[in-house]
Structure formats: C-alpha cells, structure tokens
Amino acid sequence: NFAGTGATGNTIAGNYIGLNAAGTAMLGNSNDGVFIIDGASNNTVGGATSAYRNVIAGNSDGVQIGGAAGGSNNNLVQNNYIGTDVTGTLDFGNNDDGVDIDNAALNNQVIGNLISGNTSDGIDLGDAGASTGTVIRSNLIGTTADGSGSLGNSGRGILIGNGGTANSTALGGTTAGQGNTIAFNGQEGIHIIASTGVSILGNSIYSNGWEGIELASDG
C-alpha cells in the first residue's frame, strides 16, 4: 500500500502477490494486491523486462491507482501477470478488476502486461472521479501468455468512464508493438461510457462475448 505524497519513486518487482511461493496456488489478500493512492506518484510495479515481473492474483483488485484524495500520477505498471498463475496459462483471477485507475490519477501507464482471468474487468478506468492521460499499450488482455489461448476476464477487456471519466486515454498506438490484444473477454472488448479524446489505435480485438468496441451503452 503506497499512500500519500511521500510514497514516491518506489519499485515493486519480482514478487508473487496473492500466491504461494511457487506461484502455483492462490493465497489471495482480502484487499488489493497493490494499492497506490492519495498522491503516491512515480512508482513502478514491474519493470522493463520479465525479470521484474510480479504475479498478482487472487486479491480484490490486482492493482489499484487513485484513492479518494486523488493525485496519484505518473505510475507505471509494466510486464506483470495479473490474474494468472506463474505460467500465464491458468485462471487465478483477482476477485474484481485486474487494474483499476480512478480519482484524479494523471498520466499513468499500463504497458506489456498479461491481464487475464479476473472476475470483473481487465482494466477499469475512471469508475470514480477522473483519470486523465492514461496510456495502455502492448498488453495481452484476456489471453494466455502466448497471446493465443483463451483466458478471458469475466467482464470487459477495458472499461472506461463508468461513473467518472478517463479523458485523453491512449489504447494502443501507431508504432509496431504498441497495440493491445483484447480477446476472449465475457463482455465487450472495449466499452467507453463517458470520456472524450480516447484513441484506439493498432489493437487486435476479437472473440469477445459482446461488441468489440462499444461507445456509450446502446448495444
């Protein structure tokens, strides 16, 4: 739990959070796996290579950024397995969202993660307050670690603006490798309810239970 403006510049890397020491069985925490709130900024969960990977499973949310006081900015969630076992092939889903970012969180990045098997949505942005300038790139959302097998989140792959807003969000990009794979999720691949300036570029979106991309909520 990183809470407050003093919790800055920390790194969480190479941990099993909510699993046993082998990463093969769930021992979930009753709250979130990683909680970055109330002004905690410039923290890193994971890192630039798989050596930094955290496996985060069996908790409430896997990673939550925001909190009631807001202002948790410029945090990076990178190269983690969120909602699976250590192999990235078994459903060890967190009991809510894989990643939840809300309440005045600015310029956070979710890059290169496997986010699958979670009970609600893979990524939930702006379900309370505002989340602005989030970048979501190069993730596997709803697949196994090889990017081809089915390990869907039960809700949406990505949900934006369900109660708050997540303006100026970038989902994917125009450079090779920046796109997300969003597949096999129980509901929409991407559902945007109430946000502006969202870019959806270069993603692979298929085999989701409902629409690939839903704007508003008219089906």
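Up top you'll find the structure we're talking about.
Residues numbered from 1 in each chain as written. Predicted model: local features only at pLDDT ≥ 70, side-chain atom pairs only at ≥ 80, totals over all residues. Heavy atoms only, no water.

Asks: In this structure, what is going on with the packing of aromatic side chains? I would like to understand it.
Replies: Aromatic rings in a pair are described by how distant their centres are and how their planes are angled relative to each other. Applying the stated criterion across every chain yields a total of one aromatic pair. For the ring pair Phe184 and Tyr206, a centre distance of 5.6 Å and an interplane angle of 80° mean the geometry is edge-to-face. Remark: Tyr206 occurs in strand E23 (residues 204-206) and Phe184 occurs in the loop between strand E20 (181-183) and strand E21 (190-192); sequence separation between them is 22 residues. Overall, Tyr206 belongs to the partly exposed group, its relative accessible area being 31%. Stacked on the ring of Tyr81, the Lys or Arg Arg53 has its end atom at 4.0 Å from the ring centre. (Phe/Tyr/Trp six-rings, centres within 6.5 Å; stacked < 30°, edge-to-face > 60°. Helix = DSSP H or I, 4+ residues; strand = E, 2+ residues; numbered from the N terminus. Buried < 20%, exposed > 50% of the residue type's maximum accessible area, 1.4 Å probe, protein only. Lys NZ or Arg CZ within 6 Å of the ring centre and 35° of its normal.)

Asks: Looking at this structure, I do not really get the environment of Tyr16. What am I missing?
Replies: Here Tyr16 lies in strand E3 (residues 16-17). Once the C-alpha coordinates of Tyr16 and Ile56 are considered, the two residues, 40 residues apart in sequence, prove to be 6.1 Å apart. Among residues more than four places away in sequence, those in contact with Tyr16 are Ala21, Ala22, Gly23, Val55 and Val86. (Contact = heavy atoms within 4.5 Å.)

Asks: What should I look at first to understand the side chain of Asn75 in this one?
Replies: Considering the arrangement of structural elements, one finds Asn75 in the loop between strand E7 (63-66) and strand E8 (76-78). Take Asn75: its relative accessible area is 1%, and that puts it in the buried class. Within the structure, the side chain of Asn75 is placed 3.2 Å from the backbone oxygen of Ala40, a separation counted as a polar contact. With near-sequence residues (within four places) excluded, Asn75 lies in contact with Ile36, Ala40, Ser41, Asn42, Asn43, Ile65, Asn107, Asn108 and Gln109. (Polar contact = N/O pair within 3.5 Å; in protein donor to acceptor, adjacent residues only side chain to side chain.)

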